[in-house]
Amino acid sequence: MKKLLSVAGAALLTVLAAVFTFGQPAHAAAGFSVAGGKLYDANGTEFVMRGVNHAHTWYPQQTSSFANIKALGANTVRVVLASGDRWTRNSAADVTNVISLCKANRLICVLEVHDTTGYGEQSGAITLDRAVDYWLSIASALQGQEKYVIVNIGNEPYGNQGYGTWATDTANAIKRLRAGGLTHTIMVDAPNWGQDWSFTMRDNAGSVFAADPQKNTVFSIHMYGVFDTAAEITDYLGRFRTTGLPIVVGEFGFNHSDGNPDEDTIMAYSQANGIGYLGWSWSGNGGGVEYLDMVTNFDPNQLTSWGQRIFNGANGIRATAREASVFAGTSPSPTTSPTTSPSPTTSPTGGPTPPPAGCTAGYTIVNSWQGGFQGEVKVTAGAAAINGWTTKWTFANGQTVSQSWNATVSGSGSAYTARNVDYNGRLGAGASTSFGFIGSWNGSNAVPAVTCTAS
């Protein structure tokens, strides 16, 4: 994976602040968009990535990982793909399936080409231009998915040699993708094996952003041994915040062969400043960095110490992730005054008009396996807006709930109660939200009736 790096002296950031003052994008938000250094989903709701990397291209059979990653609270998964130059090519059909798995599990999909890793230093690594060839060849799988997919052009596109052309090459890659019809938010990785110790990305990010005709580019820094102090982390991320450029931590670990990254500061500073982070990685690491596995053998019930830290620790995924609003079935109308009383709505599929008040809830078994299952409950407001909701159900077959997300779930025997959390209690008339959980079963797994009470 990452190389042992020597840290260069800090370069001065000399670009005028005016260059980095970006307003709302002029184009319609068919998908994600960037403004003021922040990422917004297609509903215009700010979205902060909280998730992990998954090595799909090397473990294509591990499709259950998407549900398992979601079950532990993530809102995003960065998926490793291959162009066919160094590893087996992921076809358009396979990418379509990956996107469907992300959507089925209400995860935002960051798709990246890994064959670029360490170009100029790593034998066999390909150029960003070659990575663009791949993206354009599978454009059919990407178009129409702008609400759910972010295109990460190439992983760690330069090693520690020849990275001086990073800005030009990255800008040209973005322009080729736009000319090829891709309107997605684009993510670009730093050189120097992703760690930007030369500050090449940091000091040229403004010109690269400006080269995007849609001004819809996000920058990704990978934090390993170069970022082993709080000062280094806060200075690097803070400069992007100051200049109004969008930055995410696209990879980081709690330890590495090139040093000991300060994961506590990475997570705390990111949470305090609305910066996304994606830990490396779910499972399947080799080459001496197996300690970076978050779960053992792709088993979500075998969290490693790194997995416990990133999912369940302070400023971790479970406590801080917020699901993208595009999955909630709500799309706030920018033309409606906040003081306007909501009107009753009819289901877009031609279903019945919601009840005049209160809320309803529906229970679905999303996935099932021997001894376990993933459940989901969809809560829908009636003809009037609500400020909170409580759902209740009783299992008939001894099922139990072990993990949950997007709700506070408690149980007493076979009876369970789930209440909204702070960010999904308010629903407009006819609007919906969902929460999910992992449960166990033995013998049978009947779907219970669910009641809903609004407040």
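Caption draft 1: Looking closely at the overall build of the chain. What the chain contains, in helices and strands, is ten helices and 18 strands. Burial statistics for the chain: of 455 residues in total, 55% are counted as buried. The contacts of the chain with a sequence gap of at least 6 include a subset with a gap of at least 24, amounting to 76%. Within the structure as shown, the chain displays about 17600 Å² of accessible surface, and the carbon and sulfur contribution to it stands at 51%.

Caption draft 2: Molecular detail of the packing of helix α3 (residues 128-137) against helix α5 (residues 166-179). Across the interface, α3 lies against α5 with an axial gap of 9 Å and an inter-helix angle of 15°. In terms of orientation, α3 lies roughly parallel with respect to α5. Considering the relative orientation of α3 and α5, their crossing is right-handed. Together, L128, D129, V132, D133, W135 and L136 of α3 and D169, T170, A173, R176 and L177 of α5 make up the contact between the two elements. Class assignment of the residues belonging to the contact of α3 with α5 gives a composition of six nonpolar, one polar and four charged.

Caption draft 3: Looking closely at the packing of α5 against helix α6 (residues 200-211). Contact geometry for α5 and α6: axes closest at 9 Å, N-to-C directions at 30°. Our classification of the angle between α5 and α6 gives roughly parallel. For α5 against α6, the interelement crossing comes out right-handed. Facing W166, A167, T170, A171, I174 and K175 of α5, the residues of α6 in contact are T200, M201, N204, V208 and A211.

Caption draft 4: Seen up close, the pairing of strand β13 (residues 389-394). Both β13 and strand β18 (residues 450-454) contribute to a ladder of five bridges, which runs antiparallel. The residue bridging T391 from the neighbouring strand is C452, located in β18. Relative to strand β16 (residues 415-419), β13 is paired through five bridges, and the arrangement is antiparallel. Following the sheet pairing, T391 is matched in β16 by A418.

Caption draft 5: Highlighting the nonpolar core. Of all hydrophobic cores here, the largest spans 95 residues; its most connected members are L111, W135, L142, I153, F219, I221 and L237. Ignoring any residue separated from it by four or fewer positions in sequence, one finds I153 in contact with V113, L128, A131, V132, W135, A173, I174, L177, I186, M187 and V188. Counting residues in each nonpolar core, the second largest holds 20 residues, with Y363, A381, Y416 and L427 among its members.

Caption draft 6: Spatial organisation of the state of the cysteines. For the coordinates displayed, the defined rule picks out two disulfides. With its sulfur 2.2 Å from that of its partner, C102 forms a disulfide with C109. Judged by the sign of its S-S torsion, about 55°, the bond between C102 and C109 is right-handed. Like C102, the residue C109 is buried in the burial classification. A disulfide bridge connects C359 with C452, and the sulfur atoms are separated by 2.0 Å. Note on the C359 and C452 pair: the S-S dihedral is about -100°, so by sign convention the disulfide is left-handed. A residue pair is termed long-range when its members are at least 10 positions apart, and C359 in strand β11 (residues 359-369) and C452 in strand β18 qualify at 93 residues. With respect to burial, C359 and C452 carry one shared label: buried. When the cysteines of the chain that form disulfides are numbered from the N-terminus onward, they connect as 1-2, 3-4.

Caption draft 7: Quick peek at the sheet that holds strand β12 (residues 372-381). As summarised here, the arrangement of the four strands in space is β11-β12-β17-β14, forming an open sheet in which the pairing is antiparallel. Among the strands making up the open sheet, the edge pair consists of β11 and β14 (400-405). For this sheet the average axis-to-axis angle between neighbouring strands, irrespective of direction, equals 25°.

Caption draft 8: Region of interest: the environment of S434. Residue placement: S434 occurs in strand β17 (residues 432-440). Assessed through its relative accessible area of 5%, S434 is described here as buried. Leaving out residues up to four positions away in the same chain, S434 has contacts with R106, E376, V377, K378, N406 and N424.

Caption draft 9: Representation of the pairing of strand β4 (residues 76-81) in the model. The element β4 is largely enclosed, with a buried count of six among its six residues. Of the two faces of β4, the one lined by T76, R78 and V80 and the one lined by V77, V79 and L81 are each fully buried. Note: strand β3 (residues 50-54) against β4, four bridges, orientation parallel. Paired with H54 across the two strands is V79, which belongs to β4. Between the parallel pair β3 and β4, the chain is carried across by helix α1 (residues 65-71), and the sense of this crossover is right-handed. Pairing geometry for β4 and strand β5 (residues 108-113), over six bridges, is parallel. Paired with L81 across the bridge in β5 is V113. Considered for its hand, the β-α-β crossover made up of β4, helix α2 (residues 92-104) and β5 is right-handed.

Conventions used here
- Residues numbered from 1 in each chain as written.
- Predicted model: local features only at pLDDT ≥ 70, side-chain atom pairs only at ≥ 80, totals over all residues.
- Heavy atoms only, no water.
- Helix = DSSP H or I, 4+ residues; strand = E, 2+ residues; numbered from the N terminus.
- Buried < 20%, exposed > 50% of the residue type's maximum accessible area, 1.4 Å probe, protein only.
- Contact = heavy atoms within 4.5 Å.
- Areas by Shrake-Rupley, 256 points an atom, 1.4 Å probe, with all protein chains shown as cover.
- Axes fitted to C-alpha atoms, helices over the stretch in contact; angles between N-to-C directions.
- Parallel < 35°, antiparallel > 145°, perpendicular 65-115°, else oblique.
- Left-handed = near helix turned anticlockwise from the far one by under 90°.
- Nonpolar A, V, L, I, M, F, W, Y, C, P; charged D, E, K, R; others polar.
- Pairing = 2+ DSSP bridges.
- Core = buried A, V, L, I, M, F, W, Y, C linked by side-chain atoms within 4.5 Å.
- Disulfide = S-S within 2.5 Å.
- Right-handed = clockwise from strand over helix to strand, strands pointing away.

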